[in-house]
Amino acid sequence: MNEVVMMKGTKHAPKASRSKMDTLILTPKIIDTWEAPPFQRPLKMNEKVKTIAQELKQNGGVIDGILTLGTIEGDATLYLLDGQHRVAAFRISELAEGIADVRICTFANMAEMGDEFVRL
């Protein structure tokens, strides 16, 4: 009776990562503390980023979607895993503050953080 049956398309919960979700007021000073992980692709400042910056100016700084940050146990560094183009758009919008849903994941090591980046 204690048997767990995996259904097609489901996965086991990750064992080495924990996450929490919050809605945060962001400022340039806050996002400047976030670092790009070593596996992050280079940022392309394209027309889409510029369009998002204009939309942020019009909507009062509400960043769409969920920004995902990662940290490694025992290290206070926050890495921006998902949302680099939206964060870049916020920077060039020159707004003093914005609001975003942010998920912060804690990983045992950089390799596990990289696996989450690929999944995202």
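Okay, so let's go over this structure. Bear in mind that the values here come from a model prediction, so they are computed numbers and not experimental data.

Turning our eyes to something else, we now look at the pattern of salt bridges. Pairs may arise between side chains of opposite charge once their charged atoms sit close together. Considering all chains together, one arrives at five salt bridges under this definition. Glu-116 serves as the salt-bridge partner of Arg-103, at 2.6 Å between the closest nitrogen and oxygen. Of this pair, Arg-103 sits in strand β4 (residues 98-107) while Glu-116 sits in helix α4 (residues 110-119), and the two are 13 residues apart along the sequence. Side by side, Arg-103 and Glu-116 carry an identical accessibility label, which is buried. For Glu-116, the salt bridge is made with Arg-119, and the minimal N-O distance between the two is 2.8 Å. With Glu-116 and Arg-119 both in helix α4 and three residues apart, the pair spans about one turn of that helix. The exposure class assigned to Glu-116 is buried, which follows from its relative accessible area of 11%. Overlapping salt bridges bring together Arg-103, Glu-116 and Arg-119 as one network.

Summarising the element assignment, Gln-40 is placed in the loop between α1 (28-31) and α2 (47-59). Residue Gln-40 is classed as buried on the basis of its relative accessible area, which comes to 14%. Within the local environment of Gln-40, its side chain forms a polar contact with the backbone oxygen of Leu-80, the two atoms lying 2.9 Å apart. Among residues more than four places away in sequence, those in contact with Gln-40 are Leu-80, Leu-81, Gln-84 and Phe-117.

Attention now goes to the pairing of β4. Judged by how many residues are buried, β4 sits mostly within the fold: eight of ten residues are covered. One ladder, built from nine bridges, connects strand β1 (residues 18-26) with β4; its direction is antiparallel. Bridge pairing links Arg-18 to Thr-106 in β4. Bridging between strand β2 (residues 62-72) and β4 involves eight bridges; their strand directions are parallel. Opposite Ile-66, over in β4, you have Asp-101 as the bridge partner.

Turning our attention to the sheet that holds β4. Two pairing modes exist for strands in a sheet, parallel and antiparallel, and in both the strands are linked by backbone hydrogen bonds. With mixed pairing, the four strands of this open sheet are ordered in space as β1-β4-β2-β3. Taken across any chain shown, the strands that pair with only one partner, and hence form the sheet edges, are β1 and β3 (79-82). On average, adjacent strands in this sheet sit at an angle of 35° to one another, irrespective of strand direction. Sheet topology note: the β2/β3 ladder contains three bridges and is antiparallel. By the bridge assignment for β3, Gly-70 is matched with Tyr-79. Along the sheet face, helix α3 (residues 84-93) touches β1, β2, β3 and β4 and points at about 115° away from the line of β2.

Conventions used here
Residues numbered from 1 in each chain as written. Predicted model: local features only at pLDDT ≥ 70, side-chain atom pairs only at ≥ 80, totals over all residues. Heavy atoms only, no water. Salt bridge = Lys/Arg side-chain N within 4 Å of Asp/Glu carboxyl O. Helix = DSSP H or I, 4+ residues; strand = E, 2+ residues; numbered from the N terminus. Buried < 20%, exposed > 50% of the residue type's maximum accessible area, 1.4 Å probe, protein only. Polar contact = N/O pair within 3.5 Å; in protein donor to acceptor, adjacent residues only side chain to side chain. Contact = heavy atoms within 4.5 Å. Pairing = 2+ DSSP bridges. Axes fitted to C-alpha atoms, helices over the stretch in contact; angles between N-to-C directions.

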